[in-house]
Amino acid sequence: MIKKISFLFYFVIISILLSGQIIDIDYRIPQEYIIGGVTVSGIQNEESKDLIIMISNLTPGKRITIPGEDIQNAIKNLYKQGMFERIEISVISRSGSTIYLDIFLEEKSRMSSLVIEGVRKGEANTLKEKINIHSGDILTEYAISNAIDKIKKYYIEKGFNNVIVKVTQQADTATAAKGRSVLYIYVNKGPRVKIDNINFENNNVISDNKLKKVMKDTKEKSVLNIFKSSKYIPSNYEKDKANIISKYAELGYKDALILKDSIYKVDDKSIAIDIYLEEGKKYFFRNISWLGNTKYTDETLNQILKIKKGDVYNEKLLQTNLFANPNGADVSALYLDNGYLFFQMNPVITNIVSDSIDVEIQIYEGKQATINKVSVIGNTVTNDRVILREVRSKPGDLFRRSDIMRTQMELSQMRFFNQEKLNVNLNPNPTAGTVDLEYVVEEVSTNQIELSGGWGLGRFVGTLGLVLNNFSLRNLFNKDAWRPIPSGDGQVLSIRGQTNGQYYQSYNLSFIEPWLGGKRPNALSISLFHSLETNGVSKKEDGTYNSAGTLLTRQEISISGASVGLGIKLKKPDDFSRLYLSINYLHYNLKDYVQTLSFKNGIANNLNLGISFSRNSTDSPIYPKSGSNIYLSVNMTPPYSLFKDDNWGAMPDSVKFKWLEYHKWKIELSNYTTIYGKWVFLARAKFGFMGMYNKSVGLSPFERYYLGGDGLSGFSLDGREIIGMRGYANQVLTPRDIYGNYLGGTIFAKYTMEIRYPLSMNPMASIYLLGFVEAGNTWLNIREFQPFNTMKSAGVGIRLYMPMFGLLGLDFGIPFDETYANKKYQGQFHFSINASID
């Protein structure tokens with residue numbers, strides 16, 4: 001036994017001597033060494049070891065002093081990473097002045113799973129997404145602290161200012177891996193904290209109530225605050241304090257400031273805010289001078305600035321009229337619309353005497369810029385030429401800001417792009433006096449599946465259609481272009497069908513080319529359609545007897561037609577205007593048809609010329625915030641009866657109306673105004689009138705107006721035009737005969753007012769709320785027309801626009817007048833998919 005121990009002892013000594021690795025460092029006396037090599041132990045990830053050596057700054061070849069600060073600094077640097085529980089650096093061998101080091105690391109625990117308690121499952125899932133900690137992540141102090149901060153911020157922004165968040169870790173015994181922990185986060189939201197009072201001190205110029213109105217997102221508890229909550233959000237409060245100072249500045253009190261503010265607890269659910277103000281004195285504009293302007297005179301610039309001596313000093317108004325007037329009437333627009341892209345402008349206060357301020361506006365005009373290149377990026381479906389033909393800025397033209405703004409409006413109206421992401425990049429070359437324009441677009445899905453339902457003919461009528469809004473006819477037979485359909489040329493192909501089974505069927509096919517010939521925005525439209533309405537008796541059953549012994553007779557009316565139109569973009573009165581010309585033909589075939597019309601067998605033909613004028617200056621096709629829409633139209637048939645001197649009054653209606661004759665007029669006026677923040681006000685008026693050429697012939701029984709209900713579009717029975725009127729059942733506001741049968745109106749009036757508020761302008765799902773008031777009526781002839789003798793209603797609604805389905809609407813309307821089908825004040829819902837309810 002002794003021999004074995006002796007042998008082992010000598011073996012160890014000899015091995016150490018042979019390897020030269022005797023470690024004899026005197027830690028009392030600092031001595032310089034060269035690092036020969038560094039190893040990292042305690043962690044399994046080989047890829048991170050080189051990074052750890054680099055962070056420690058203990059790299060091979062470096063000279064360090066032991067004892068000294070080099071090892072201490074290395075440990076500090078590694079601890080700063082927040083990833084390790086224990087760090088040890090030791091000398092494992094030495095050869096002369098060369099030493100070899102080992103860095104031993106004990107990693108902090110890694111998360112195996114995350115459990116959030118104290119809140120609902122849906123909220124917990126939301127919090128997990130926000131804190132962004134995943135299984136396998138190291139639970140550093142920073143990661144845990146950051147998670148707590150994000151959770152608190154989330155709830156504070158919702159008004160839970162007393163939220164408490166606690167975090168614990170427990171070793172995960174369910175897994176075989178070492179160093180794994182379950183992270184438990186407990187959330188106690190506490191009560192929602194609301195603002196009980198906002199108090200102002202030392203305000204003499206602006207009243208408390210007006211200051212509270214200036215605070216957009218910080219409101220007191222009040223039954224009047226319907227659309228704004230009284231929760232306290234620190235970030236919003238800071239913005240509202242800035243709004244208060246801005247309000248004073250607009251009134252000339254440019255020195256106004258908030259001396260201090262105090263936020264204190266009233267009880268567990270409410271706080272109060274005290275704001276102490278110093279208003280200062282009121283200032284006025286005195287002398288306004290211009291420096292550096294050679295293109296425009298002082299008088300011209302002053303006319304645009306619209307500020308004169310003695311006006312209250314308002315820096316916001318000054319900046320607006322210099323740079324960013326929403327109506328375009330500012331000095332900047334004057335220069336930018338005349339090519340001065342490189343100009344600069346800087347208003348400077350040069351003197352203050354008592355309450356008067358002198359302002360000098362310094363201008364560097366530069367030289368005019370011409371457009372060099374125009375390109376488009378971001379389009380993945382729409383062809384470049386389709387976009388560029390809408391661009392008003394052409395190479396070689398003088399740069400004009402108004403052309404760029406109008407181009408963006410035109411691109412928005414196409415509906416092919418996300419209107420929130422439309423942009424233009426300017427790449428100027430001051431030396432050459434040129435600028436390259438790069439229009440930025442983001443494609444959105446434009447094809448639509450139309451699926452709508454409504455009540456017609458006493459039955460449910462369903463509609464199914466497909467609208468291809470960016471179709472390419474020239475690639476129809478190019479198999480490589482089918483992805484999944486040929487697209488990119490901006491054409492519109494629509495296929496549509498309506499039915500309620502045996503009783504009613506309608507089919508429609510239409511095609512629109514918006515740029516006929518590709519050089520001018522002249523739109524060609526072609527449509528074909530056919531519809532059939534019966535009493536439910538099939539052709540096989542016609543003339544047979546049913547089980548009760550009743551003779552079955554098929555009653556039907558079929559309508560076939562075609563239309564060709566040409567839309568022309570006008571330059572006068574302005575280029576928002578369009579003229580549309582069309583030739584339309586409809587063929588009616590009646591067989592034992594006994595409803596609404598004055599004859600039940602025969603044919604009728606409707607050949608008419610349509611002329612319409614429209615002017616649309618709205619800023620968006622989906623949610624307009626400004627602008628107007630004017631639409632005037634007339635449809636005229638030839639006056640057949642005036643060409644032939646017959647006894648028209650004695651003719652039966654089946655002969656009299658074989659070729660329909662009438663003239664039909666329509667006017668629609670709409671205006672959109674942003675009244676406050678995102679709130680938009682819509683005012684709309686519609687009128688329609690159908691007249692006759694010959695009293696002996698009388699008014700046509702076709703093409704009349706039917707008012708009430710959801711306004712089911714595309715319902716072409718006897719050419720009638722159905723006009724929606726929310727709050728009332730379908731068609732109930734339409735003239736009837738003594739037997740209760742609808743005759744249809746030959747004149748109508750309808751007025752609408754809406755307040756709209758957007759919830760989301762996401763291009764994939766735009767949502768807005770609305771409240772409406774409507775009034776309207778129809779009359780059988782002009783003698784009965786009383787434009788203000790109307791039926792009225794009011795209600796609320798919601799709109800959801802999805803590119804695939806179009807406009808989805810749900811309204812609840814309350815009628816203010818009683819009809820045979822409606823009780824007064826008994827509301828009803830109106831639902832539509834891709835049908836306009838207005």
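Preceding this paragraph is the structure being described.
Per chain, residues are indexed from 1 in the order of the written sequence. Per-residue local features of the predicted model are confined to residues with pLDDT of at least 70, and side-chain atom pairs are confined, for both listing and counting, to 80 or more; whole-chain, interface and lining totals are unaffected and use all residues. Water and hydrogen atoms play no part in the side-chain values, which are based on all heavy atoms of the structure.

Draft legend 1. Structural detail: the overall build of the chain. Working definition: helices are DSSP H or I runs of at least four residues, strands are E runs of at least two. Numbering for both runs from the N terminus. Helix and strand content of the chain: 14 helices and 34 strands. Each radius of gyration reported is based on C-alpha atoms, and the globular scaling rule is 2.2 Å times the count of residues to the power 0.38. Taking 838 residues into account, the globule formula puts the C-alpha radius of gyration at 28 Å, and the chain, at 39 Å, lies well above it. With the principal axes as the frame, the chain shows a C-alpha extent of 145 × 90 × 65 Å. The rule is simple: take the accessible area with a 1.4 Å probe, protein chains only, and divide by the maximum for that residue type; under 20% is buried, over 50% is exposed, in between is partly exposed. Classification of the 838 residues of the chain by burial places 42% in the buried group. Contacts: residue pairs with any heavy atoms within 4.5 Å of one another. Across the chain, contacts joining residues at least 24 apart in sequence account for 61% of those joining residues at least 6 apart. With an accessible surface of roughly 43800 Å², the chain has 55% of that area assigned to carbon and sulfur atoms. For the purpose of counting charges, residues Lys and Arg are taken to be positive, whereas Asp and Glu are taken to be negative. His and the chain ends are not included. Throughout, a charge is located at the NZ atom of Lys, the CZ atom of Arg, the CG atom of Asp or the CD atom of Glu. Mean positive and mean negative side-chain charge positions of the chain (98 and 85 charges, respectively) differ by 3 Å. Under the convention used here, a 1.4 Å probe and the Shrake-Rupley method define accessible areas, while residue burial counts only the protein chains that appear.

Draft legend 2. Representation of the environment of N287 in the model. Within the secondary structure, N287 is located in strand β11 (residues 284-291). Residues within four places of N287 in sequence aside, it is in contact with K309, I357, D358 and V359.

Draft legend 3. Broad picture of the nonpolar core. Put simply, a nonpolar core is a bunch of buried Ala, Val, Leu, Ile, Met, Phe, Trp, Tyr and Cys residues held in one set by side-chain atoms that sit within 4.5 Å of each other. In terms of nonpolar packing, the biggest core is built from 42 residues, with I361 and Y439 touching the most fellow members. Counting residues per element, this core draws most heavily on strand β13 (residues 356-364), which supplies four residues. For I361, the contacting residues outside a window of four places in its chain are I288, S289, W290, L291, L305, L322, M345, N346 and P347. I25, I43, I53 and L58 belong to the second-largest nonpolar core, a separate cluster that totals 22 residues.

Draft legend 4. A look at the pattern of salt bridges. We count a salt bridge whenever a side-chain nitrogen from Lys or Arg sits within 4 Å of a carboxyl oxygen from Asp or Glu. Scanning all chains against the criterion turns up 37 salt bridges. Note that K625 is salt-bridged to D619, the shortest N-O span being 3.9 Å. Overall, the relative accessible area of 23% leaves D619 in the partly exposed class. Across the salt bridge formed by E668 and R684, the nearest N and O atoms sit 3.6 Å from each other. Taken together, the residues span a long stretch of sequence, with E668 in strand β26 (residues 663-676) and R684 in strand β27 (residues 679-691) at a distance of 16 residues.

Draft legend 5. Seen up close, the sheet that holds strand β1 (residues 31-41). Spatial ordering of the open sheet is given by β2-β1-β4-β3, a layout of four strands whose pairing is mixed. The open sheet terminates on both sides in strands that have one partner only, identified here as β2 (63-66) and β3 (84-95). Across the sheet, the mean angle from the axis of one strand to that of its neighbour is 45°, orientation sign disregarded. For two strands to count as paired, DSSP must find a minimum of two bridges between them. In this sheet, strand β4 (residues 98-107) lies alongside β3 in antiparallel orientation, the contact comprising 10 bridges. Counted as the bridge partner of R94 is I99 from β4. Helix α2 (residues 49-56) rests against β1, β3 and β4 of the sheet, and its axis sits at about 150° to β1. For helices, the fitted line uses only the C-alpha atoms of the stretch in contact; every axis is such a line through C-alpha atoms, and the angle between N-to-C directions lies from 0 to 180 degrees. Relative to β3, helix α3 (residues 69-80) is tilted by about 150°, and along the sheet it contacts β2, β3 and β4.

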